[in-house]
Amino acid sequence: MEICEEVVIVGGGIAGLATAVALKRVGVRALVLERSDELRATGAALTLFPNAWRALHALGVAHKLNAIYSSLTKGTVTNLVTGATETIVYADTPDGDKLGVRAVHRKALLEALAEELPSGTIRFSSKLASVKTQTLEGSPNAVLHMEDDTTIKAKVLIGCDGVHSVMAQWLGLVSPVHAGRWSVRSLAIYPEGHGFNQEIQSFLSDGKRAGLVPLNDKEFYWFINYKSSHRGEGAGSDPKLIQKDVIENLAKDYPPIFLDVVRHADLATLTATPLLFRYPWDLIFGNLCKGNVTVAGDAMHPMTPDLGQGGCSALEDAVVLGRHIRNSLLRDGSIRYESVGQVLESYVKERRWRVAGLIAGSYISGWVRQGGSGLLVNFMKMVYYRFLYARVLNASNYDCGDLPAVFSTDSA
Ligand SMILES: Cc1cc2nc3c(=O)[nH]c(=O)nc-3n(C[C@H](O)[C@H](O)[C@H](O)COP(=O)(O)OP(=O)(O)OC[C@H]3O[C@@H](n4cnc5c(N)ncnc54)[C@H](O)[C@@H]3O)c2cc1C
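Residues numbered from 1 in each chain as written. Predicted model: local features only at pLDDT ≥ 70, side-chain atom pairs only at ≥ 80, totals over all residues. Heavy atoms only, no water.

Chemist: It is not clear to me how the confidence of the model for the protein chain should be interpreted in this structure. Could you clarify?
Modeler: The predicted structure's coordinates, where accompanied by low pLDDT, should not be read in detail. Summing up the model confidence of the protein chain, the mean pLDDT is 90 and the portion of residues at 70 or higher is 94%. Scored below 50 in pLDDT, residues 408-412 makes four contacts in the model with residues more than four places away or belonging to other chains. (pLDDT = per-residue confidence, 0-100. Contact = heavy atoms within 4.5 Å.)

So, in structure tokens, the structure goes:
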């Protein structure tokens, strides 16, 4: 079977769906190809910072999530070795509650985005196998070969296929590297209510960082990040055994509240993941677009989760890409294909340094916080807190700008 489409997005995660929504808002229809047979919600939940809420407002979906999730008032970080506690007050964000820090279920975020798209936009069970480009009628086309033997031709191709991106590989980007750490995370459910305030609690000890993030009055999202050089799958893929390992080994000396939350884990959502990132210089010097092809989200900038910015910055990508593609539209709302290459280059120019900075900030923040003790680490901590900390925190207040809706697609 052969299909011809104007704009194709590979991957129906946060980046892919948000990009499709951004394009819809500027009047461009896109086809989203997703390898799973439904919206994939691995990772259970995530924390969204003011930069993500700005992007979600631009995409017209923030109100749906704001109505379900309350903003978190503050966060505490307790160093279990020294006993010192640092407090971060989130309510101080510039636009108050509208842009407050909130933890949301991944599925709810994906569904809120997917609901904005006309039916048929997402083609499930569609796994991209390989890509090539060819010139058809004078303009460059991407030719996608799907695992089910379908061929799809696209005038614009956006790879949002996550950390092991086929599209990033096609662009020649260097594969992400292992950060030497893993993360275990899941939801924890208290049917009778957990009785805690809307506050994030984090705990640091040598080489480990754990956190409890309330989603609502009955559910927590919890995680523990720890050092491990193991790279492959199967460092315990049985959720019950992973939970046991956290309770009896990784977090055995952690405060009772943390252990209690881990005991309440919903095992269906419990995963252990190696933390991967792309070197910032690969983003600064690498090809983030080629002709009519580019990437967004983790496909472009996988980062460690220490600042909770991977998903937030994927939402920023979507808004910025939507705005740049809008600049290539002709008066009748169709895409000016001769200028697509230039348009994608201007998108990449706007994103390159921003996301390279986030990758570096996340990695340094994780290294300093989980690096343990010792002369070098203590020196780095001093430098980090003195010169970088405020800038790193401020990165989550970034404003990616608005997305003017120039053409209506209500009839799409
Ligand atoms: C432990 C951990 C905690 C995190 N916490 C946070 C947080 O608190 N806040 C935050 O903002 N971010 C957080 N992140 C980062 C966040 O999860 C990612 O940045 C985000 O999911 C990236 O979205 P994406 O759409 O780019 O990629 P993905 O979510 O990976 O989506 C990619 C999609 O592409 C599909 N796909 C892949 N290959 C193909 C193919 N060949 N053909 C078709 N489809 C394909 C996949 O099935 C998937 O649906 C965390 C990450 C980790 C590991």
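Chemist: It is not clear to me how helix H1 (residues 14-25) should be interpreted in this structure. Could you clarify?
Modeler: An α-helical turn contains 3.6 residues, so a residue and the one three or four places further along point in the same direction. Here H1 spans 16 Å end to end across 12 residues, near enough to the 16 Å set by a 1.5 Å rise per residue. The buried count for H1 comes to 10 of 12 residues, which makes it a mostly enclosed element. For H1, the complete set of buried residues consists of Ile14, Ala15, Gly16, Leu17, Ala18, Thr19, Ala20, Val21, Ala22 and Leu23. Count one or two residues on from H1 and you reach Gly27, which has phi positive near 95°. (Helix = DSSP H or I, 4+ residues; strand = E, 2+ residues; numbered from the N terminus. Expected span 1.5 Å × (residues − 1). Buried < 20%, exposed > 50% of the residue type's maximum accessible area, 1.4 Å probe, protein only.)

Chemist: Could you clarify how one ought to interpret the domain arrangement of the protein chain in this entry?
Modeler: Put simply, an interface is often sized by how much accessible area is lost when its parts join up. Along its sequence, the protein chain is carved into domain 1 (2-67 + 105-176 + 278-370) and domain 2 (178-276). Taken residue by residue, the interface counts 20 residues in domain 1 and 23 residues in domain 2. Buried surface at the junction of domain 1 and domain 2, summed over both partners, amounts to about 1600 Å²; 58% is from carbon and sulfur atoms. When the area that domain 1 buries against domain 2 is broken down by residue, the three leading residues are His105, Arg369 and Gln370, summing to 37%. The interface formed by domain 1 and domain 2 contains two salt bridges. For Arg181, the salt bridge identified is with Asp306, shortest N-O distance 2.8 Å. For the pair domain 1 and domain 2, the interface holds two residue pairs in polar contact (both at pLDDT 80 or more). Counting residues per element, the ones that place at least two in the side of domain 1 that touches domain 2 are strand E3 (45-48) and helix H10 (340-370). A breakdown of the residues in the side of domain 1 that touches domain 2 according to their chemical character gives nine nonpolar, eight polar and three charged. (Domains from an automatic or database assignment. Buried area = accessible area lost by both parts, 1.4 Å probe. Salt bridge = Lys/Arg side-chain N within 4 Å of Asp/Glu carboxyl O. Polar contact = N/O pair within 3.5 Å; in protein donor to acceptor, adjacent residues only side chain to side chain. Nonpolar A, V, L, I, M, F, W, Y, C, P; charged D, E, K, R; others polar.)

Chemist: Help me understand the sheet that holds strand E12 (residues 199-205), please; the structure alone is not making it clear to me.
Modeler: Pairing between sheet strands relies on hydrogen bonds along the backbone, with the strands arranged either parallel or antiparallel. Spatially, the seven strands line up as an open sheet ordered E5-E4-E12-E13-E14-E11-E15, and their pairing is mixed. One side of each edge strand has no neighbouring strand; the edge strands of this open sheet are strand E5 (85-89) and strand E15 (271-277). For this sheet, the mean inter-axis angle between neighbouring strands, taken without regard to orientation, is 20°. Direction of pairing for strand E13 (residues 208-214) relative to strand E14 (residues 219-227): antiparallel, over a ladder of seven bridges. In the sheet register, Val213 faces E14, and the bridge partner there is Tyr221. Contacting strand E11 (177-189), E12, E13 and E14, helix H7 (residues 256-263) runs over the sheet at an angle of about 110° to E14. (Pairing = 2+ DSSP bridges. Axes fitted to C-alpha atoms, helices over the stretch in contact; angles between N-to-C directions.)

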